[in-house]
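# A structural walkthrough
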Amino acid sequence: MVFQFYVLMLGLFLLVTKTFTSLILPKVCSQSTDALDTVFESTGLIEPGECIFELTLKPKTCGVRIGFDKFLFNQPVKKDSTSAYVCAADLDLLELSGLGLPNIDLSVLCGDLSGHHIYLPTKDYDELLPLIDVKKLILKVIHVLVPDAPTPLWKIRLTQLPCPGEIEQDKKSIFSLPPMGCLQFHEKPEGIIESLNFANGKGHYMAEMNYAICIKRQPDTCGIKFQALDFQLASNANSSDYTERDCDSLGLGVDVLGVSKLLNKDYVIIPDGVRINNGLKTYASKFCGSSLMKQEVIVVTKCPLYIGVVTDKLNDVNQKEVGFKIKYQLLNDCTLLDL
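### Looking at the overall build of the protein chain
Each helix and strand counted, the protein chain has one helix and 21 strands in total. Burial statistics for the protein chain: of 339 residues in total, 41% are counted as buried. Pairs at least 24 residues apart make up 74% of the contacts formed inside the protein chain by residues separated by at least 6 positions. Total accessible area on the protein chain stands at roughly 18,500 Å², and carbon and sulfur atoms take up 57% of it.

Structure (structure tokens):
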């Protein structure tokens, strides 16, 4: 009985030890780690200045997923009446940089990104940078003390994604490596996608964005259906109901009176999309203005599934540049679709 008791206690000890060591303990300013999964989190009062956290990448890492469980910073601002929204250098923001990583297009972040995620690729750079033995992802929070401004809050979940075949099956991440070129990657057969800093329709999309939101295909996927719950982007004209050339070039920079004006280039790309509105079909790949508000777009394809997001550096004060919230659903039977 005594022996069995000690065996039982040893088993409980090992179980508790394994559980404790598998917990993701939050990291704070001036810390670093090489863990496959870790959390970088704000704690209480944040002193003005820089808060730096470093993630050292393990060998044979092909990507890093950055999940924003919580991210509440100052909203992006306009430098003048015609400029689009950007993260101001004199307000709170997060800078992403890397040692031995490819260029990070989205290197400065602000606003409300809670619930969002992004992927950073790291594959194929070993040969280009053979002298760098240690590769790091560096997160720098810059906090500027502004009267009456809220303190930035963040809880950022970092996941290293090993290259295929480089890790045992039982240690694989719950996340998959996205196709190259995907800033965001949704793996469920249905869900919600939003523009960055949509903030329940109270935010603004930021300037000079050009990225893809990808959706993982299933073996039986034949297409995808998008349903826009909210859709407010800039546009230039309404010759084709805010699609295609209305979104990037039509109007040649003049208004209806022939007066020179700014040419907006903010749009969403849905390749080979078929918009359905009260039974009427519109075939288009570029959508802007309010063209998708409360409407559906269906795509039947064997190609990769994605939405492209393109914004310029301009802002029209007479148009809303809020962004979008779109529900998607994979289709596994397209035979009855009349497209």
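Structure's up, so let's keep going.
### With respect to the state of the cysteines
Counted by the stated rule, this structure contains six disulfides. Bridging C62 to C163, the disulfide has an S-S length of 1.9 Å. Disulfide C62 to C163: torsion about the S-S bond roughly 100°, handedness right-handed. With C62 in strand β5 (residues 61-72) and C163 in the loop between β12 (153-162) and β13 (184-186), the pair connects residues that are 101 residues apart, well separated along the chain. On the basis of relative accessible area, C62 is assigned to the buried category, the value being 5%. Two residues share a disulfide in this structure: C247 and C288, whose sulfurs sit 2.3 Å from each other. Here the S-S torsion is close to -85°, and the disulfide linking C247 with C288 is therefore left-handed. Of this pair, C247 sits in the loop between β16 (223-232) and β17 (267-277) while C288 sits in the loop between β18 (280-287) and β19 (296-300); the two residues are 41 residues apart in sequence, bridging distant segments of the chain.

### Quick word on unusual backbone geometry
At E244, a residue that is not glycine, the phi angle is positive and equals roughly 50°. The residue K294 is not glycine, and still its phi comes out positive at about 60°. Here K294 is to be found in the loop between β18 and β19.

### Topic: empty space enclosed by the protein
To locate leftover empty space, one rolls a probe as large as a water molecule over the atoms. Tallying each qualifying case throughout the model produces one cavity of 30 Å³ or more. Every residue lining the largest cavity is listed: S195, L196, Y205, M206, M209, Y211, L233, V268, V309, T311 and F324. Here the residues of the lining of the largest cavity sort into nine nonpolar, two polar and no charged.

### What about the environment of P76?
Position of P76 relative to the elements: it lies in the loop between β5 and β6 (77-78). Among the residues examined, P76 registers a relative accessible area of 4% and is labelled buried. In sequence terms P76 and V86 are ten residues apart; their C-alpha atoms lie 4.8 Å from each other. Setting aside its immediate chain neighbours within four residues, P76 contacts Y85, V86, C87, C110, G111, N197, H204 and M206.

### Some remarks on the layout of surface pockets
For the second largest pocket, the calculated volume is near 410 Å³. What lines the second largest pocket is a set of 21 residues, and nearest its centre among them are G115, H116, H117, H186 and I192. Counting residues per element, the ones that place at least two in the lining of the second largest pocket are β10 (117-121), β13 and β14 (190-194). Its residues placed into classes, the lining of the second largest pocket shows seven nonpolar, eight polar and six charged.

What counts, and at which threshold
Residues numbered from 1 in each chain as written. Predicted model: local features only at pLDDT ≥ 70, side-chain atom pairs only at ≥ 80, totals over all residues. Heavy atoms only, no water. Helix = DSSP H or I, 4+ residues; strand = E, 2+ residues; numbered from the N terminus. Buried < 20%, exposed > 50% of the residue type's maximum accessible area, 1.4 Å probe, protein only. Contact = heavy atoms within 4.5 Å. Areas by Shrake-Rupley, 256 points an atom, 1.4 Å probe, with all protein chains shown as cover. Disulfide = S-S within 2.5 Å. 1 Å grid on protein atoms, 1.4 Å probe; cavity = no way out; pocket = protein on both sides within 12 Å on 5 of 7 lines; lining within 4 Å. Points joined across faces, edges and corners; volume = space filled by probe spheres on them. Nonpolar A, V, L, I, M, F, W, Y, C, P; charged D, E, K, R; others polar.

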